[in-house]
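Residue-level structure breakdown
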Amino acid sequence: MADDRQRLQDFLLQQLKVGVPYTELRHVLMYTPHRSELAMAAGLFASSQYKNLLKMDDHIAELSQLEQQLAAKDRAQAIQSIKNSPLFHAAWQNDDGSLSEFSLKSMLLTAAGDDPTLLNIALDGISLSPSDYSLSLYHLSAATLQQLLQKSSGLSNFQREGMNLADFAVLFLRADLLPVLEEFQLRPSLQPGLYSALDLAFTAPEWPAKTIGQKALGDRRKTIEYLQRKGYPLHGQQGVDAEGRPFLIIDSIWNFAGGENGPLYQPLLLELAAAQQLEKVQPMQPNAELQQMLQPLEDKARVYKQTNENCARQNQLKLQSEGLWSEAKIRQEVSRVEQISGELSAAATILHQRDPGLVTRLWPKGFSIELPEFKAEDQAEIVRQIQINVDPFRATIALGRLQQQPALAVYWQPKAVLHLNFLQKQNDTATLWRELSKHGFSLHLQDIYGRNLYPQAFAAGPDAVALLLEENVAVDQPAVGPDALDLALDQSYLDKKLHPAVVNMMQKMGKPEASHLSRLRRLQQYQPAVFTALQQALAKEPLLLGWLDDLSSYEANPVLAVANE
């Protein structure tokens, strides 16, 4: 299949080179799994438009020196060094040949920030392209954006994967920037029957720094209502599912909501969609040559899908036989509670009362970000990132740097982090944690939701769990969601053998909660050999053995707190 995908990518690249619009190709491929081939082709096409194109790996020393100067106190001098660099006007190529989003001009703007004096120094005597700052619309002020636009050329010609500069403001839910962009004749995209920037506003991701509190919902509402006032249509359909819940499906080339244009249940989106008439997307069929490219991939995908469906049916029968909910039922319950509760913390409390395992499907998941390779010449800047108290998103990235270089843990200052996922290591998490501890890092760290390292420990294996117990990391955290004993009992059920940490955790827990008893009931009912092993292990622990006395009044937990793979 890899060869077929490469042929498709090469074909799409040729289509772009002869002038076929990216948006047209994206629309043709909208309901196929081949959007990544188009994105790669678009990156290669963008690279082909630049004459002064360099590979980063060939200039690491020069770029690292500039980054080190940025870490110094005299940022005005660092800005001048960037502007005077012989690499200042170069474009940069990724390892795969596509165009990098990085440029020295973007570095220059990062150095200046919103400081008016530094920004004037940075902009003096230079011309910008929108590509230098399109991704910065996430955080730029309106005043700074206006200055950048005044120094830019090619505003109307800029596009990245079919989005113009105003579309990027919509993507980042920055309604406050749209009037500034309109002053420069830059308006969000609209092609009736095909796509609209309003589709983008409905499906744009929840950006990490906006997920705390209700700010994200407010930004999305403002952006959607701005476009609605301007008359933008929404492409999609509304309906009611088998459970009687209303849903919204967005049909658009710009659907960042995940899945294959799956249903959206968020009350805010349903409310705002009800304020207007939805338009249907006009179908667009691939031409004969493209269809010929797609056919072998579709045939293989069909076989793969059928195999997966057969496996899913077998798995579903097993789940039903042991009283476990399907993923579909779990999603339905989580969505239902989100609708009636209105906010994340309230939903978490309600779901916890039903089963703590449900809460794991509600809290934001981990990152898919790949950190750049650690290089010794970058160490000064990385140390600075580790030391400073920044927003939870950037603090989480700093944890990733500790994974790469555990000795830097001596510089870690306690701060709020969004996730702990970066503190896992595929080959040996326990060894990583011991190395971090040796350099003064506390394994008692919690994220902003109160989660500690036990979920990562159970994913890593018994050694990692044992290490946390040795360090006396609390087994009864967090307040909502599965605690360490929930995880240990569910892991015992999955492994069909008693987890070595169960008895120790029961001793530390003191008395059981309902979630523990429902998991003991699951072992008793569906893994009797494991339950017998637990009884034997508790033979000399009369207080703990008492936990097992009357489990028949409990139902086996319907959701596992550990991955069921």
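Parameters at a glance
- Residues numbered from 1 in each chain as written.
- Predicted model: local features only at pLDDT ≥ 70, side-chain atom pairs only at ≥ 80, totals over all residues.
- Heavy atoms only, no water.
- Helix = DSSP H or I, 4+ residues; strand = E, 2+ residues; numbered from the N terminus.
- Rg over C-alpha atoms; globule rule 2.2 N^0.38 Å.
- Buried < 20%, exposed > 50% of the residue type's maximum accessible area, 1.4 Å probe, protein only.
- Lys, Arg positive; Asp, Glu negative; His and termini not counted.
- Charge placed at Lys NZ, Arg CZ, Asp CG, Glu CD.
- Pairing = 2+ DSSP bridges.
- Contact = heavy atoms within 4.5 Å.
- Phe/Tyr/Trp six-rings, centres within 6.5 Å; stacked < 30°, edge-to-face > 60°.
- Lys NZ or Arg CZ within 6 Å of the ring centre and 35° of its normal.
- Core = buried A, V, L, I, M, F, W, Y, C linked by side-chain atoms within 4.5 Å.

1. Here we look at the overall build of the protein chain
- Secondary structure assignment for the protein chain yields 27 helices and seven strands.
- Here the protein chain has a C-alpha radius of gyration of 27 Å; the compact-globule value for 565 residues is 24 Å, and the two agree.
- Referenced to the eigenvectors of the C-alpha coordinate spread, the extents of the protein chain come out at roughly 80 × 55 × 45 Å.
- Out of the 565 residues belonging to the protein chain, those deemed buried represent 48%.
- Computed over 52 positive and 65 negative side-chain charges, the inter-centroid distance for the protein chain is 1 Å.

2. Structural notes on the pairing of strand β6 (residues 246-250)
- In terms of burial, β6 is a largely internal element, four of the five residues being buried.
- The sheet contact formed by strand β5 (residues 234-240) and β6 spans five bridges and is antiparallel. Bridged to Gln237 within β6 is Ile249.
- Hairpin connection, β5 to β6: the antiparallel pair is bridged by five residues, and Gly244 has positive phi, about 85°.

3. Focus: the environment of Leu344
- Within the secondary structure, Leu344 sits in helix α16 (residues 344-354).
- The partly exposed category is assigned to Leu344, whose relative accessible area is 30%.
- The sequence separation of Leu344 and Leu362 amounts to 18 residues, and the corresponding C-alpha distance is 7.8 Å.
- Contact partners of Leu344, with chain neighbours within four places excluded, come to Leu362, Trp363, Pro364 and Tyr449.

4. Considering the packing of aromatic side chains
- Considering all chains together, one arrives at six aromatic pairs under this definition.
- Among the aromatic side chains, those forming a connected cluster through ring pairs are Tyr138, Phe158, Phe168 and Phe172.
- Sitting above the plane of the Tyr265 ring, Arg245 keeps its charged end 4.0 Å from the centroid.
- For Lys415, the ring lying beneath its charged end belongs to Trp412, and the centroid distance is 3.8 Å.

5. Overview of the nonpolar core
- One finds Tyr133, Leu137, Leu149, Leu165, Leu181 and Phe202 to be the most contacted residues of the largest nonpolar core, which totals 71 residues.
- With sequence-adjacent residues up to four places away left out, Leu165 is seen in contact with Pro130, Tyr133, Ser134, Leu137, Leu149, Leu155, Phe158, Leu181 and Leu186.
- Judged by nonpolar contacts, the second largest core, of 62 residues, contains Phe422, Trp433, Leu436 and Val503.

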